[in-house]
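# Commentary on secondary and tertiary structure
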Amino acid sequence: LFDGVYPFYPQQRKNFVFDVSTIIVIIVFLTLACSFLIIIPGIRGRARLYWLVRVLLSLVIGVVIVAVQYTSDWESGWVTANTSYKSFSRAWVNADIGLHVGLAGVNITLVGNPVNQVNETINYNEYFAWSFDADYDHSYNEGLEKGLPSPILYLAEKFTTQSPCAVHNQYRISGHYTSAVLWVAFCSWLISNILFSMPALVYGGYMVLVTGAFMIFSLLSFSTVRNSPMCAIKFGPASLHVGYGGSFWLTLVVGLLCFMIGVTVVTLHFFSLDLLKTFFDLHVDEAEECQEMTEVYINHRFMNSPL
């Protein structure tokens, strides 16, 4: 004790939904979108609207594929409970406790109701990484040494390698393969944009279908964590239940969007090619190239020659 107060050693906080990597990704794609909006007035006619729809849809798909890899809300859960505050203390607090699972780690939040209780500001947000280049147990031990509140340590202990819950390896491996499959989806998204610009429209549609398929495969990979039943998380009579979060559902929606776009492009290629070329601003150019000559001039001297 220091003057009758338990010591607290502050650590760097990390937002449970948006961190620096996510903000960088969003800024990059917003820069591309703004650059396109600046040059779009130079496009004439209805082609301006077609370009706007194509580019914005493509950027939305790309930013979602990359951004969800850095978010921490693939699974999330909240509970409001009365709980003990810190070890070796009889103080109890009423707080909102949140658990937010990402592909590379877990965020645990603790917000008091009200925030100021027991002569402290109860507003914690701690991140514990389990990616292959991080040591989760070491982060947990650091939290013990820093004297983090008991609810945070209680939740963090559920994901340690020595925990009876035995979910650490399942979350770690599932998150790793989910991230890998999403990067493959990002590569196929790039290839689809290249094919659409060549243009090879039907093959671009096929690659959009491949992009959607890999996004769905990533969700199936992450869903394997459900094969390992989660230990009960109780704070007195209250229980914390974890369900799929915003990043999971956003990935599902964009994956289905890719399927819809791919099926539409392939269908139009076989049944209404002119409409597809018009949407991609190709119909006019090819019409000019293939336009038949309405007048023919004949060199009579050359035609009447002996040759």
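By the naming in an unreviewed UniProt entry, the protein chain goes by DOXA2 factor and is assigned to Crypturellus soui. Its UniProt record, at the heading Subcellular location (unreviewed entry), says of the protein chain: "Membrane". The UniProt entry for the protein chain carries this comment under Sequence similarities (unreviewed entry): "Belongs to the DUOXA family."

Scanning the protein chain from N- to C-terminus turns up 10 helices and seven strands. Relative to its full complement of 307 residues, the protein chain shows a buried share of 41%. Sequence separation of at least 24 residues holds for 68% of the intrachain contacts in the protein chain that already meet a minimum separation of 6. When the accessible surface of the protein chain is summed, it comes to about 17,500 Å², and 64% of that surface belongs to carbon and sulfur atoms.

With respect to the element layout, S174 can be found in helix 5 (residues 168–197). Here the side chain of S174 touches Q170 through a polar contact of 2.8 Å, landing on its backbone oxygen.

Looking now at helix 1 (residues 20–39). The end-to-end C-alpha distance of helix 1, which contains 20 residues, comes to 29 Å, matching closely the 28 Å that a straight helix rising 1.5 Å per residue would cover. Those residues of helix 1 that sit buried are T22, V25, F29, A33 and F36. All buried residues of helix 1 project into a common sector of 70 degrees when viewed along the axis, lining one side. Exposed side chains of helix 1 directed beyond 90 degrees from the buried face belong to V20, I38 and I39. The secondary structure elements touched by the buried residues of helix 1 are helix 2 (47–67) and helix 5.

Next up on the list: the UniProt feature "transmembrane region" (unreviewed entry) in the protein chain. Per the UniProt annotation, the sites labelled "transmembrane region" (unreviewed entry) are residues 20–39, 51–71, 91–111, 180–200, 206–225 and 246–271. Here residues 91–111 runs as 0% helix and 81% strand, with 15 Å between its end C-alpha atoms. With 86% helix and 0% strand, the stretch residues 180–200 has end C-alpha atoms that lie 27 Å from each other.

What counts and how
- Residues numbered from 1 in each chain as written.
- Predicted model: local features only at pLDDT ≥ 70, side-chain atom pairs only at ≥ 80, totals over all residues.
- Heavy atoms only, no water.
- UniProt positions renumbered as here; feature names shortened; annotations may be inferred.
- Helix = DSSP H or I, 4+ residues; strand = E, 2+ residues; numbered from the N terminus.
- Buried < 20%, exposed > 50% of the residue type's maximum accessible area, 1.4 Å probe, protein only.
- Contact = heavy atoms within 4.5 Å.
- Areas by Shrake-Rupley, 256 points an atom, 1.4 Å probe, with all protein chains shown as cover.
- Polar contact = N/O pair within 3.5 Å; in protein donor to acceptor, adjacent residues only side chain to side chain.
- Expected span 1.5 Å × (residues − 1).
- Arc of directions from axis to C-beta.

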